[in-house]
Amino acid sequence: MSSNKIIKVAIVVMLISVLSVATVAVMPSSSASSSFAPDGGMYEYKTEGISAETYRATITGYTEGSEEFLAIQTGIEGYPVKAIGPNAFQNSTLLEAVIIPERVDSIGDYAFAGCSSLKAAYFIGEMPDMGNGVFDNAASGFTIYCLNEVWNGYNDYKTDVWSPYVYTDSTGGSYSYYILNDEITIFRHISGENISIPSSIENNGRNYPVISIGPESFYKCNVKTVTIADGIERIEDRAFSWEHDEGSALDSITFSNTLKSIGDEAFRNCKSLRSVNLPESLRYIGFEAFRDSSLVSAYIPDSVSYVGGGAFYCCYDLKSAKLSRSMTEIPERMFGYCALLTSIDFSDRITAVGSSAFYKCGLTSLDLNEIETIEREAFYGCTNLRFVDADEVRTIGNEAFYDCTSLKYVSFDEIESISYRAFGKCTSWDYVVFSESLRYLGEDSFRGCTSMSDAYFEGPMPVIGDNAFKNADEDFAVHYLKSNSASWSGFDAYNSAVWDGSLPNDNSGINNSMMILIAAIAVLIVLIVSVLILFKKKKGRSP
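Counting restarts for each chain: residues are numbered from 1 in the order of the written sequence. Confidence filtering applies because this is a predicted model: local features only for residues at pLDDT of at least 70, side-chain atom pairs given and counted only at 80 or more, and all residues used for totals across whole chains, interfaces and linings. Only heavy atoms go into the side-chain values, all of them from the structure, while hydrogens and water stay out.

In terms of regular secondary structure, the chain is built from 1 helix and 40 strands. The 543 residues of the chain split such that 52% are buried. Contacts are residue-level and defined by heavy atoms, with any inter-residue pair within 4.5 Å sufficient. Relative to all contacts within the chain whose residues are 6 or more apart in sequence, the contacts with residues 24 or more apart total 41%. A total of about 23300 Å² of accessible surface is found on the chain, and carbon and sulfur atoms cover 47% of it. A run of H or I in DSSP counts as a helix once it spans at least four residues, and a run of E counts as a strand once it spans at least two, with each numbered from the N terminus. When a residue's accessible area, from a 1.4 Å probe over protein chains only, is under 20% of the maximum for its type it is buried; when over 50% it is exposed; and in between it is partly exposed. Note on areas: Shrake-Rupley with a 1.4 Å probe; residue coverage comes only from the protein chains shown.

Every residue is assigned a pLDDT by the predictor, reflecting its confidence on a scale from 0 to 100. The predicted model of the chain has a mean per-residue pLDDT of 88, with 87% of residues at 70 or higher. Considering only residues more than four positions removed or in separate chains, one finds that residues 1-39, a stretch of pLDDT under 50, has 165 contacts. Within the model, pLDDT remains below 50 along residues 507-513, and this stretch shows 0 contacts once partners closer than five positions in the same chain are excluded.

To continue, consider the environment of Y43. Secondary-structure assignment places Y43 in strand 2 (residues 42-48). Y43 sits 46 residues away from F89 along the chain, and the two C-alpha atoms are 9.3 Å apart.

Bringing the sheet that holds strand 19 (residues 225-228) into the picture now. Strand order across the open sheet formed by 3 strands is 16-19-21, with parallel pairing between neighbours. Every interior strand has two partners, whereas the edge strands, strand 16 (194-197) and strand 21 (252-254), have only one. Direction aside, the axes of adjacent strands within the sheet are offset by 5° on average. Bridging between strand 16 and strand 19 involves 4 bridges; their strand directions are parallel. Bridging across to strand 19, S196 finds its partner in T227. Note on pairing: two strands pair once DSSP finds at least 2 bridges between them. The angle between two axes is taken between their N-to-C directions and runs from 0 to 180 degrees, where each axis is a line fitted to C-alpha atoms and a helix contributes only its stretch in contact.

Bringing the pattern of salt bridges into the picture now. Salt bridges, as used here, are contacts in which a Lys or Arg side-chain nitrogen is within 4 Å of a carboxyl oxygen on Asp or Glu. On inspection of all chains with the given rule, the structure shows 22 salt bridges. Among the salt bridges present, the one from R274 reaches D317, with a minimum N-O distance of 3.2 Å. Note that R274 is positioned in the loop between strand 22 (261-262) and strand 23 (284-285) and D317 in the loop between strand 25 (306-307) and strand 26 (320-322), a separation of 43 residues in sequence. Accessibility expressed as a relative area gives 44% for R274, which makes it partly exposed.

Here the focus is the sheet that holds strand 9 (residues 120-123). Strand order in this open sheet of 5 strands is 4-7-9-11-12, and the pairing throughout is parallel. At either end of the open sheet lies a strand with only one pairing partner, and these are strand 4 (69-71) and strand 12 (158-162). Neighbouring strand axes in the sheet, compared pairwise and without regard to direction, differ in orientation by 20° on average. Bridging between strand 9 and strand 11 (residues 143-147) involves 4 bridges; their strand directions are parallel. Its bridge partner lying in strand 11, F123 is registered against C146.

Mapping C382 onto the fold places it in the loop between strand 30 (373-374) and strand 31 (387-390). For C382, the contacting residues outside a window of four places in its chain are F358, K360, C361 and C404.

Like-charged residues are merged into a patch within 9 Å and nonpolar side chains (Val, Leu, Ile, Met, Phe, Trp, Tyr) within 5 Å, provided each residue has over 30% relative accessible area and no salt bridge. Counting rule for charge: Lys and Arg are taken as positive, Asp and Glu as negative, and neither His nor the chain ends is counted. By convention, charge coordinates are those of NZ in Lys, CZ in Arg, CG in Asp, or CD in Glu. A surface patch of like charges, here negative, comprises E370, E372, E392, D413, E436 and E458. Tracing the backbone through its elements, the reader meets D413 in the loop between strand 33 (409-412) and strand 34 (417-418).

On to the nonpolar core. With 101 residues, the main nonpolar core has F267, F335, F358 and F423 as its most contacted residues. Once residues lying within four places of it in the same chain are set aside, the contact partners of F358 are I330, F335, G336, L341, I344, F346, V353, L363, A378, F379, Y380 and C382. Definition used in this section: a nonpolar core is a set of buried Ala, Val, Leu, Ile, Met, Phe, Trp, Tyr and Cys residues joined via side-chain atoms within 4.5 Å. Membership of the second largest hydrophobic core comes to 34 residues, among which are Y62, I76, F112 and A121.

Let us now look at the packing of aromatic side chains. Working definition: a ring pair exists when centres of Phe, Tyr or Trp rings (six-membered ring for Trp) sit within 6.5 Å. Plane angles under 30 degrees give stacked, over 60 give edge-to-face, the rest tilted. A full pass over the atoms with the stated rule returns 51 aromatic pairs. The interplanar angle of 25° and the centroid separation of 4.7 Å between the aromatic rings of F469 and F476 together place this pair among those described as stacked. With respect to class, F469 is no different from F476; both count as buried. When the centroid spacing of 5.3 Å and the interplanar angle of 5° are considered together, the rings of Y480 and W488 count as stacked. Each of the two residues, Y480 as well as W488, counts as buried. Criterion for a charge above a ring: Lys NZ or Arg CZ within 6 Å of the ring centre, and within 35 degrees of the ring normal. Between the NZ or CZ atom of R333 and the centre of the ring of Y313, over which it lies, the distance is 4.7 Å. Across from the ring centre of Y402, 4.4 Å away, lies the NZ or CZ of R421, which sits over that ring.

With that out of the way, let us pick up a nonpolar patch on the surface. On the surface, I521, I525 and V529 cluster together into a nonpolar patch covering about 250 Å² of accessible area. Inspection of the secondary structure puts I521 in helix 1 (residues 508-540).

All right, on to unusual backbone geometry then. Only a minority of non-glycine residues have a phi that is not negative, and only a minority of peptide bonds are not trans. Of note, the phi angle at N148 is positive, near 75°, even though the residue is not glycine. For N148, the location among the structural elements is in the loop between strand 11 and strand 12. Assessed through its relative accessible area of 52%, N148 is described here as exposed. In this structure, R333 is a non-glycine residue whose phi angle is positive, near 60°. Relative to the helices and strands, R333 is located in the loop between strand 27 (329-330) and strand 28 (352-353). For R333, a relative accessible area of 8% gives the class buried.

Quick look at the state of the cysteines now. Defined by distance alone, a disulfide is two cysteine sulfur atoms within 2.5 Å. The final tally for this structure, using the stated rule, is 0 disulfides. Free cysteine C382: the closest other cysteine sulfur is in C404, separated by 5.1 Å. Among the residues examined, C382 registers a relative accessible area of 0% and is labelled buried. With no disulfide of its own, C404 lies closest to C426 among cysteine sulfurs, the gap being 5.1 Å.

Right under this line is the structure:
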């Protein structure tokens, strides 16, 4: 499988490193994307592989942001970055230092050629296959820094050694770190179940601020508790993640009040982690950041403007969630398979729901507020869902509500397009009303809605795809207003009839009369009670 995509990545002057132990255990969705940071650059890349062992991402291009110290992301949408293609970073003149992840096994011809400000490249792993002129025309004195020992036999560019330092914290936890640009990044866990990461570490008589918990720094480590001091801004890719079924032992983490970003898969498979308190400083939550964790609730502060695809995917214990008011869309697979999640509130800034965002969730009703676009499979298999207010929705993608077997009613005011099998197998739905804005009804869009007996169209006949209502109730019929009869004159796919505007079970007149009667009875009861109270008081004052 291969795909080409463009991704904005969280670069925000990050100086990170990579510690790789294994590749991704589950195939990530190839349509996901991860974007962040107004100062960030943009990668162009391709992904490939047919199994966890062969998944790889190759960076093929880079559009420069404002960063000077660039750490190349360890993975993109769950695919480990293993190659940098020819000319990928060519002429990125702002770069002064770059960090190459451990798993990169090849760098193509002239990948960093013309990076005229580039003074250093830090390699975390072994020497990759190096193409021609990889760092040609870099800054004077450019040096390749190799972790722990220089590369034997390599003499294309000047090389030197760099080594991390070791720190033991107040709880006895031990880990290594490195200093670049006068800032500390935590590199690799050494020992200890309880970890306390300070705001600064003294090195050779000088205090350096701890800014980042590096990629995979506590990956597959039996760490149980973590406390992160104020001042730390970033938790990088897979920092605390675990692979496969056993899951991480991490059951408690205290975030700094200065934390700005949580990287891709940072807490993936933390099966002991049941709650987190995300700080108001947080702006970014990466791709699958909490996937397969045991979180019971997810409170996303309003400071968060970006959430990556699958951020809470397969969180089977998740019962409640609050979305940030700064979010403008729900990313793909965000709450997929959260079967215990029964409700969600959408702010009026959210205008789109991504593909499979609530796939097989436990939702019972939905007010979609200002949402205009619902992507494919967004609410697929939400078998408890009964009512949907979709008054502002304009487009509904393929199988968006497929197999929502309890769905009874959806209100449409602005709907324009309903795609393939969007409401297929919604077996409890007995009739549907389409607003006059409808222009397209896709193939099989309501196929298998076995209880549906009527479809009412307020506007002219839209384009209606094949089998749109196949296997509906045996008495199914289409109804249209007399004023639109001309547009429906040639329609013969289903039984049809002119409609007077009233709906089955429309008891609004009866209901209004009943409400008036109830109100009158209530007033009468109040009057009677008042008279009885007055009579009792009067009787009490009698001689």
